[in-house]
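Commentary on secondary and tertiary structure
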Amino acid sequence: MARSGLEVQKAAIKALFLREIKTRFGKYRLGYLWAALEPSAHVLIMLTIFGYIMQRTMPDISFPVFLINGIIPFFVFSNISIRSIGAIEANQGLFNYRPVKPIDTIISRAILESIIFAFVYILLMCVVLLLGEDFEISNIITLTLVWLLLAILSTGIGIIFMVLGKTFPEISKFLPIAIKPLYFISCIMYPLHSIPKDYWPLILWNPLVHVVELCRESVVPGYISDGVSIEYLAWTTLVVTFLSLAIYKYREKAMLTS
């Protein structure tokens with residue numbers, strides 16, 4: 001029985017997903033453990049450097065919980081986006097099989113990164129809970145929806161980066177650098193309310209600010225961030241997804257033949 005196009009794509013994504021797991025972790029003992037080390041080490045360093053200071057300036061908020069809900073979403077976004085740039089070159093030989101398309105490689109990588117960092121997020125939140133830090137998941141629906149929108153948004157940016165990197169190879173080195181400043185302007189190390197309101201119209205254009213602050217609202221009792229909106233995040237994700245798919249469709253044949 002002939003399979004539908006969606007069934008073929010699902011099979012291709014599943015195969016690419018399993019291949020990505022083997023490529024990333026299959027060569028190392030305890031390979032899956034390494035996935036948690038980078039974000040965990042990053043959080044630990046930030047806690048060591050800024051923990052005491054920030055605990056004094058934000059006495060009503062657990063700084064470890066505050067930090068985890070900033071750093072981990074940013075890692076989801078940056079890893080999916082950056083790993084998408086070289087997706088075509090890394091899977092070039094597979095495109096000889098007609099069912100496998102470049103966009104399938106992005107989706108499989110995005111799914112893997114989302115699963116990895118969801119696990120790391122849960123692990124770190126459990127660790128800080130065991131260490132006595134206080135938090136309460138007051139709105140798990142919002143938290144789940146924000147993570148889903150973050151994954152879709154990151155995938156859309158990744159598709160755009162993949163097309164740009166393949167079309168203009170000389171800028172493929174620049175794109176990862178372009179993401180770095182977002183670390184400092186996405187409210188990862190500080191709350192939105194610490195910024196003068198005169199700058200909010202500019203800061204709130206950044207969808208990562210909405211992701212980070214909404215995550216904190218969902219797990220920190222009494223933490224309210226005026227100005228952020230899940231509706232804005234959803235509309236931004238929709239626009240980026242539509243734009244990325246349009247660009248990909250326009251350049252798909254050229255990418256496969258170049």
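Above this text is the structure in question.
Rules used throughout
- Residues numbered from 1 in each chain as written.
- Predicted model: local features only at pLDDT ≥ 70, side-chain atom pairs only at ≥ 80, totals over all residues.
- Heavy atoms only, no water.
- Helix = DSSP H or I, 4+ residues; strand = E, 2+ residues; numbered from the N terminus.
- Rg over C-alpha atoms; globule rule 2.2 N^0.38 Å.
- Buried < 20%, exposed > 50% of the residue type's maximum accessible area, 1.4 Å probe, protein only.
- Contact = heavy atoms within 4.5 Å.
- Areas by Shrake-Rupley, 256 points an atom, 1.4 Å probe, with all protein chains shown as cover.
- Lys, Arg positive; Asp, Glu negative; His and termini not counted.
- Charge placed at Lys NZ, Arg CZ, Asp CG, Glu CD.
- Expected span 1.5 Å × (residues − 1).
- Phe/Tyr/Trp six-rings, centres within 6.5 Å; stacked < 30°, edge-to-face > 60°.
- Lys NZ or Arg CZ within 6 Å of the ring centre and 35° of its normal.
- Patch = residues over 30% accessible without salt bridge, like charges linked within 9 Å, V, L, I, M, F, W, Y side chains within 5 Å.
- Salt bridge = Lys/Arg side-chain N within 4 Å of Asp/Glu carboxyl O.

1. Section: the overall build of the protein
A count of helices and strands for the protein gives ten helices and zero strands. Against the 2.2 N^0.38 benchmark of 18 Å for 258 residues, the protein shows a C-alpha radius of gyration of 19 Å, consistent with a compact globule. C-alpha extents for the protein along the principal axes are approximately 60 × 45 × 40 Å. By residue count, 48% of the 258 residues in the protein fall in the buried class. In the protein, of all internal contacts separated by at least 6 residues, the share reaching a separation of at least 24 is 75%. By element, 69% of the accessible surface of the protein is carried by carbon and sulfur atoms, the whole surface being about 14,300 Å². Across the protein, the mean location of the 21 positive side-chain charges is 16 Å away from that of the 17 negative side-chain charges.

2. Notes on helix H5 (residues 102-130)
End to end, H5 covers 43 Å across 29 residues, agreeing with the expected 42 Å (1.5 Å per residue, within 8%). Directly beyond the C-terminal end of H5, a positive phi value near 95° is found at Gly132.

3. Notes on the packing of aromatic side chains
Counting across every chain of the model gives six aromatic pairs. Relative to Trp147, the ring of Tyr121 has its centre 5.2 Å away and its plane inclined at 55°; by these criteria the two rings are tilted. Placement of Tyr121 in helix H5 and of Trp147 in helix H6 (residues 140-167) is noted, with a sequence separation of 26 residues between them. The interplanar angle of 75° and the centroid separation of 5.3 Å between the aromatic rings of Tyr183 and Phe184 together place this pair among those described as edge-to-face. Taking the relative accessible area as the measure of exposure, Tyr183 reaches 13% and is therefore buried. The structure contains a cluster of three or more aromatic residues connected by ring pairs, namely Phe63, Phe66 and Tyr223. The aromatic ring of Phe66 is capped on one face by Arg216, whose charged end is 3.5 Å from the ring centroid.

4. Notes on a nonpolar patch on the surface
On the surface, a cluster of nonpolar side chains totalling about 390 Å² of accessible area is made up of Phe119, Leu123, Val127 and Leu131. If you trace the backbone, Leu123 turns up in helix H5.

5. Brief notes about helix H10 (residues 230-257)
With 28 residues, H10 extends 40 Å between its outermost C-alpha atoms, agreeing within 8% with the 40 Å of an ideal straight helix rising 1.5 Å per residue. Looking at H10, one finds that the buried residues are Leu233, Thr236, Thr237, Val240, Ser244, Tyr248, Glu252 and Met255. Turning to H10, the residues buried within the fold contact helix H4 (87-90), H5, H6 and helix H9 (207-219).

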